[in-house]
Structures are given as C-alpha cells and as structure tokens.
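Chain residues, written in single-letter form:
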Amino acid sequence: AVKQRALELGARDFVAKPFSPVEVLLRIGNLLETRALHRQLLEHNRTLEGIVRLRTQELEEARYEMLDRLARAAEYRDDDTGDHARRVGALAGRLARAMNLPPHDVELISRAAPLHDVGKVGIPDAVLLKTGPLTDAEFAVVKMHTVIGAEILSGSQEPLLRTAEQIARSHHERWDGQGYPAGLAGADIPLAGRITAVADSFDVMTHDRRFVAAMGEMEALDEVARERGRQFDPVVVDALVSLADHGEIAA
C-alpha cells in the first residue's frame, strides 16, 4: 500500500529496506539518465516548435505577398502606380480600428480590402480606360467587376479570402439600397464591404486618377459626409470624421 501511494503521488522509483548501496546507486543512475533523456526530448520538441512557427510565418508572409501582388496587378489596369489598393487597405484597417472592431477583424479587413477591385482584370480596356462618359451598356460591363472579383476569390474556407470575396462583391452597394450588384441596403451589406466603400471612395477622391484631378482632403471629407446615410454607412462615415479630427486619415 505504501508503494502504491508513493507511485500515485509521483514517485518514479523506490527501494525497500534493507537495501544494497550498489542497487541504490544503479537506480539513481538510471533515473538521472532518464531525466537527461527527458530534458533532451523537451529541448528537441522546443526546437521543432520553433522551426514550425518560422515556416508557418514564412508561408503566411508569402501568402500575403501573393495577395498583395494580385491586388496591385488589378489596380495597374487603371492606376499607373498600383498604390490605390494598398492605401485602401490601410485606411480600411484604420476605420475598422476606429469602430472598435476586434483586432482579428481589423487585420482581416486591412489585408482583404486591397483586393476590392481584383475583378477589373475581367473588364475590357475599351470600357475600363474610356475617357468619355460611359453608355448604359458600358456601365453595366463595369459593374460586373464586383461579380468577377467575387468569383475569383470564391470557394475558399480561409477567412481572409472569404472576407476579400465579401468586399469584392459588396463594396459598391449603397446604404440606401441603390448600389450594385445586388441592391443590398443597410446592415444587409457586409460590414467589411461598407468599410471598404468609404475607404475606396475617399482615396479615389483625394488622388489623381486618369483624366480626373484630385480634390483636397477636407473637400473629399465633406463629400463623404454628405452621403452619410445615403451611399455610406453612417457609423463608418463617423469613423472617418473621427480619424480626420485626430489627423489619422493618412497615417
């Protein structure tokens, strides 16, 4: 019974009296060797865990880089610098943070928002780069970039790509239901799409585009504010105003 209780309490070995000093030394030697092997195993496991973490980080960085390059490739269709996508992602992340979204959601939105216009790769140059007003038929073709982008990004179970798919499809929906492609309104529009819509519109207004000169930040801010509750989610517009008040729009 004493032996059983000792083992239950964590004892690794025991000797019964009377005992031989040689036996005691042998048992102690065996235990020390076992302990040394156990420590080696722990150290080996820690090394393997470090290698796995490093490889996982490298894969994650490679994935982000590929998505970033995909977003920039789409933007080069009608933006000579390709920086619009990056700026939209950065501003969308700041808006999400200003709205007190969880850090994980902030990260997802900032990483996914640059892919909002990836569907432009499927729009013919004759329409996408047209200098004059678009006909109704041409505008219908342009609208398809939301559907094309969502289809490019669809089918994944990965949260980042699922968020990017939502954004690509919904960033031209309007709070009042007059947007495209589905005519969604209010909270039926995914939050990530509502945030990206504000970031995208503000960036377009404040940077030179083909044949369109930029307006000043305050002018653009006023324009966005005028569309509060019509084109844009009021909460997202308020977050943009808050960023402007704190000098963080272009941070």
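Residues numbered from 1 in each chain as written. Predicted model: local features only at pLDDT ≥ 70, side-chain atom pairs only at ≥ 80, totals over all residues. Heavy atoms only, no water.

So, the overall build of the protein chain
Defined as follows: Secondary structure follows DSSP: runs of H or I at least 4 residues long count as helices, runs of E at least 2 residues long count as strands, and numbering of each begins at the N terminus. Each radius of gyration is computed over the set of C-alpha atoms, and the globule rule expresses the reference value as 2.2 Å times the number of residues to the power 0.38. Contacts: residue pairs with any heavy atoms within 4.5 Å of one another. The protein chains shown are the only cover counted for residues, whose accessible areas, like all others here, come from Shrake-Rupley with a 1.4 Å probe. The charged-residue count follows a simple rule in which Lys and Arg add positive charge and Asp and Glu add negative charge, with His and chain termini not counted at all. Every charge is mapped onto a representative atom, which is NZ of Lys, CZ of Arg, CG of Asp or CD of Glu.
Looking only at helices and strands, the protein chain has 10 helices and zero strands in total. From first element to last, N terminus to C terminus, the protein chain shows the α and β order α-α-α-α-α-α-α-α-α-α. A compact globule built from 251 residues would reach a C-alpha radius of gyration of about 18 Å, whereas the protein chain, at 29 Å, exceeds it by more than 25%. Residue pairs at least 24 apart in sequence account for 61% of intrachain contacts in the protein chain once pairs closer than 6 positions are excluded. When the accessible surface of the protein chain is split by element, carbon and sulfur atoms take 57% of a total near 14900 Å². With 31 positive and 40 negative side-chain charges, the protein chain shows a spacing of 9 Å between the two charge centroids.

Here's the deal with the side chain of E227
Secondary-structure assignment places E227 in the loop between α9 (217-226) and α10 (234-245). Every residue in contact with E227, bar those within four places of it in the chain, is listed here: R174 and F232.

Description of the environment of R94
Convention followed: We define a polar contact as two N or O atoms separated by no more than 3.5 Å, with the added condition that, inside protein, one atom must be a possible hydrogen donor and the other a possible acceptor, whereas residues neighbouring each other in sequence contribute only through side-chain atom pairs.
Among the structural elements, R94 can be located in helix α3 (residues 84-98). Along the backbone, R94 and E107 are 13 residues apart, and their C-alpha atoms lie at a distance of 9.8 Å. Among the polar contacts made by the side chain of R94, one reaches the main-chain carbonyl oxygen of I249 at a distance of 2.3 Å.

A few points about the packing of helix α8 (residues 191-206) against α9
Worth spelling out the cut-off: Each axis is a line fitted through C-alpha atoms, taken for helices only over the stretch in contact, and angles between the N-to-C directions span 0 to 180 degrees. To sort the angles, those under 35 degrees are grouped as roughly parallel, those over 145 as roughly antiparallel, those from 65 to 115 as roughly perpendicular, and the leftovers as oblique. Throughout, a crossing is termed right-handed when the near helix is turned clockwise from the far one, and left-handed when it is turned anticlockwise from it by less than a right angle.
Contact pair α8 / α9: the axes reach a minimum separation of 9 Å and the direction vectors enclose 140 degrees. With respect to α9, the element α8 is oriented oblique. Considering the relative orientation of α8 and α9, their crossing is right-handed. Facing V198, F202, M205 and T206 of α8, the residues of α9 in contact are E217, A220, L221, E223 and V224.

What about the packing of α3 against helix α4 (residues 103-112)?
Two quantities define a packed helix pair, namely the angle between the helix axes and the distance between the axes. One can describe the packing of α3 onto α4 by two numbers: an axis separation of 7 Å at closest approach and a directional angle of 160 degrees. On the basis of the axis angle, α3 is roughly antiparallel to α4. The element α3 and its partner α4 pack so that their crossing is right-handed. Residues G89, A92, G93, A96 and R97 of α3 form the contact with α4, whose participating residues are V106, I109 and S110.

Description of the nonpolar core
To keep things clear, this is the line we draw: Think of a nonpolar core as a cluster: buried Ala, Val, Leu, Ile, Met, Phe, Trp, Tyr and Cys residues, connected wherever their side-chain atoms sit within 4.5 Å. Each residue is placed in one exposure class: buried if its accessible area under a 1.4 Å probe, protein chains only, is under 20% of its type's maximum, exposed if it is over 50%, and partly exposed if it falls in between.
One finds L95, I195, F202, V224 and L240 to be the most contacted residues of the largest nonpolar core, which totals 41 residues. For this core, the secondary structure elements donating two or more residues are α2 (21-75), α3, α4, α7 (159-170), α8, α9 and α10. A per-element tally of this core places α8 first, with seven residues. Discounting residues that sit within four places of it in the chain, F202 has contacts with L91, E217, A220, L221, V224, L240 and I249.

Observations regarding the pattern of salt bridges
Applicable threshold: Between Lys or Arg on one side and Asp or Glu on the other, a salt bridge is scored when a side-chain nitrogen of the former is within 4 Å of a carboxyl oxygen of the latter.
By the definition in use, this model includes 16 salt bridges. For the salt bridge of E23 with R27, the shortest nitrogen-to-oxygen distance reads 3.0 Å. A residue pair is termed a helical-turn pair when its members lie 3 or 4 positions apart in one helix, as E23 and R27 do in helix α2 at four residues. We classify E23 as partly exposed; its relative accessible area is 31%. We note a salt bridge from E223 to R226, for which the minimum N-O separation is 2.6 Å.

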